[in-house]
Amino acid sequence: MDIALLSVSMNVYSTKRIAEEAQKCGHYIELIDHTKCSVKLGMDKPRIYHREEDITNEFDAIIPRIGAKVTRHGVAVVKQFEMNGVFSTARSLSIARARNKVRTLQIMARKGIPIPETLFSINPDNIKEQIEILGGAPVIIKIQEGTQGLGVILAESKKSAKSIIDTFYKMDTSILMQEYVEESNGEDIRIIVVGDKIVASMKRTSELGEFRSNVHRGGSTAKVKLSAKEEYIALNATKYLGLGVAGVDLIRSKKGPLLIEVNASPGLQGIEAATGINVARKIIKFVEKNGLRKRK
Ligand code: ADP
Ligand code: MG
């Protein structure tokens, strides 16, 4: 198969690993930097260019690895491939849904997937009351489109929460407020779903004195055994967002597992190291199963 790997650089562990496994499986794979792609629309069939090269009919499948910074353009390029009938491991709509935490949580709440109590607003006039509606301090404040733990703040008191939220509202930054699940103890669970199967999972534990368990914030990883409920949440969250490949994040609370976010381009380094599982290979096998069927 001819596969396009939509990513800005080959110097990223996950990108390298996916390319390596595709080649080992006998496929042609090319790095397509979506920030260098143009789409031409008009009376003729829409055409997709990578720099000056017309790549409209070059690929059987795409694997989008769209980072946080150029989501909007990346999603539009993915959408065009989709409309041209090319298989994608992540639909454009699904990438957009996963990118925004509020949008993800709205879908989860509607589908009955357990999530932490969450409130979003843009009204600066009654922030104290909003905190009370949520259940009072301490609260977690999150930038809606943050990643890697940056933009996640723990406000211990109502007073500090108010001043932080005031600032975000002034800056026109979209945030959400969330109950602080203290008993999760700085740990979360990352579950990788490919197709309709869980292929790997790990527990991340935060550094001492830190509540965010992100590996980028110094978190360490270990193998973990999932409960049936956790498996159910991961598989269904992925299905409801419409993703082919997903990294589902849960925290363990007194009320049971709670979904906090879903990543449409989950990193492979931490999970492959923690579990010894060849996740990149599983992604290629998934593409093999679905890719040709669409185009031919
Ligand atoms: P990011 O997209 O930046 O990774 P997350 O929502 O995943 O943002 O939050 C980062 C980390 O903070 C999580 O992995 C978890 O360890 C911790 N965390 C997030 N939300 C809560 C919460 N409501 N209660 C307790 N800890 C949380
Ligand atoms: Mg996270």
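Residues numbered from 1 in each chain as written. Chains lettered and ligands numbered in written order. Predicted model: local features only at pLDDT ≥ 70, side-chain atom pairs only at ≥ 80, totals over all residues. Heavy atoms only, no water.

Draft legend 1. Spatial organisation of the layout of surface pockets. Roughly 1,100 Å³ of volume is contained in the largest pocket. Together, 37 residues line the largest pocket, and Gln148, His216, Asn263, Ser265 and Gly267 are the ones closest to its centre. A volume near 210 Å³ is recorded for the second largest pocket. Listed by contribution, the elements that provide at least two residues to the lining of the second largest pocket are β13 (197-205) and α9 (279-295). Ranked by residues supplied to the lining of the second largest pocket, first place goes to α9 with five residues. (1 Å grid on protein atoms, 1.4 Å probe; cavity = no way out; pocket = protein on both sides within 12 Å on 5 of 7 lines; lining within 4 Å. Points joined across faces, edges and corners; volume = space filled by probe spheres on them. Helix = DSSP H or I, 4+ residues; strand = E, 2+ residues; numbered from the N terminus.)

Draft legend 2. Just the sheet that holds strand β6 (residues 61-64), in detail. In spatial order, the strands read β2-β1-β6-β7; together these four strands make up an open sheet with parallel pairing. Looking at the sheet topology across the chains shown, the edges are occupied by β2 (28-32) and β7 (87-88). Alignment of β6 against β7, held across two bridges, turns out to be parallel. Bridge pairing in β7 places isoleucine 62 opposite serine 88. The sheet contacts of helix α1 (residues 13-24) involve β1 (2-6), β2 and β6, and relative to β2 the element is tilted by about 160°. (Pairing = 2+ DSSP bridges. Contact = heavy atoms within 4.5 Å. Axes fitted to C-alpha atoms, helices over the stretch in contact; angles between N-to-C directions.)

Draft legend 3. Structural context of empty space enclosed by the protein. Enumeration according to the criterion identifies two cavities of 30 Å³ or more in this entry. In this structure, the largest cavity occupies an estimated 370 Å³ of space. Forming the boundary of the largest cavity are 29 residues, of which Lys142, Val152, Phe211, Arg212 and Ile260 lie nearest the centre. Of all the secondary structure elements, the ones that give two or more residues to the lining of the largest cavity are β9 (139-143), β11 (175-179), β12 (187-194), β15 (245-253) and β16 (256-263). The dominant element in the lining of the largest cavity, judged by the number of residues it contributes, is β9, at three residues. The residue makeup of the lining of the largest cavity, split by class, is 10 nonpolar, 10 polar and nine charged. Structurally, the lining of the largest cavity is a two-domain feature, drawing no fewer than three residues from each of domain 2 (118-180) and domain 3 (183-263). Lining the second largest cavity we find Ile63, Pro64, Arg65, Thr89, Ala90, Val245, Ala264, Ser265, Pro266 and Ile283. (Nonpolar A, V, L, I, M, F, W, Y, C, P; charged D, E, K, R; others polar. Domains from an automatic or database assignment.)

Draft legend 4. Geometry of the environment of isoleucine 143. The topology assignment puts isoleucine 143 in strand β9. By relative accessible area, isoleucine 143 is classed as partly exposed at 26%. Separated by 32 residues in sequence, isoleucine 143 and isoleucine 175 place their C-alpha atoms 4.3 Å apart. (Buried < 20%, exposed > 50% of the residue type's maximum accessible area, 1.4 Å probe, protein only.)

Draft legend 5. Geometry of the domain arrangement of the protein chain. Its domain assignment divides the protein chain into domain 1 (2-95 + 284-295), domain 2 (118-180) and domain 3 (183-263). One C-alpha centre belongs to domain 2, the other to domain 3; they are set 23 Å apart. The interface is formed by 11 residues belonging to domain 2 together with seven residues belonging to domain 3. There are one salt bridge connecting domain 2 and domain 3. Lysine 255 is paired through a salt bridge with glutamate 179; the nearest N and O atoms lie 3.0 Å apart. Remark: the boundary between domain 2 and domain 3 carries four residue pairs in polar contact (both at pLDDT 80 or more). Counting residues per element, the ones that place at least two in the side of domain 2 that touches domain 3 are β9, β10 (152-155) and β11. When residues in the side of domain 2 that touches domain 3 are grouped by element, the largest group, three residues, is from β10. (Salt bridge = Lys/Arg side-chain N within 4 Å of Asp/Glu carboxyl O. Polar contact = N/O pair within 3.5 Å; in protein donor to acceptor, adjacent residues only side chain to side chain.)

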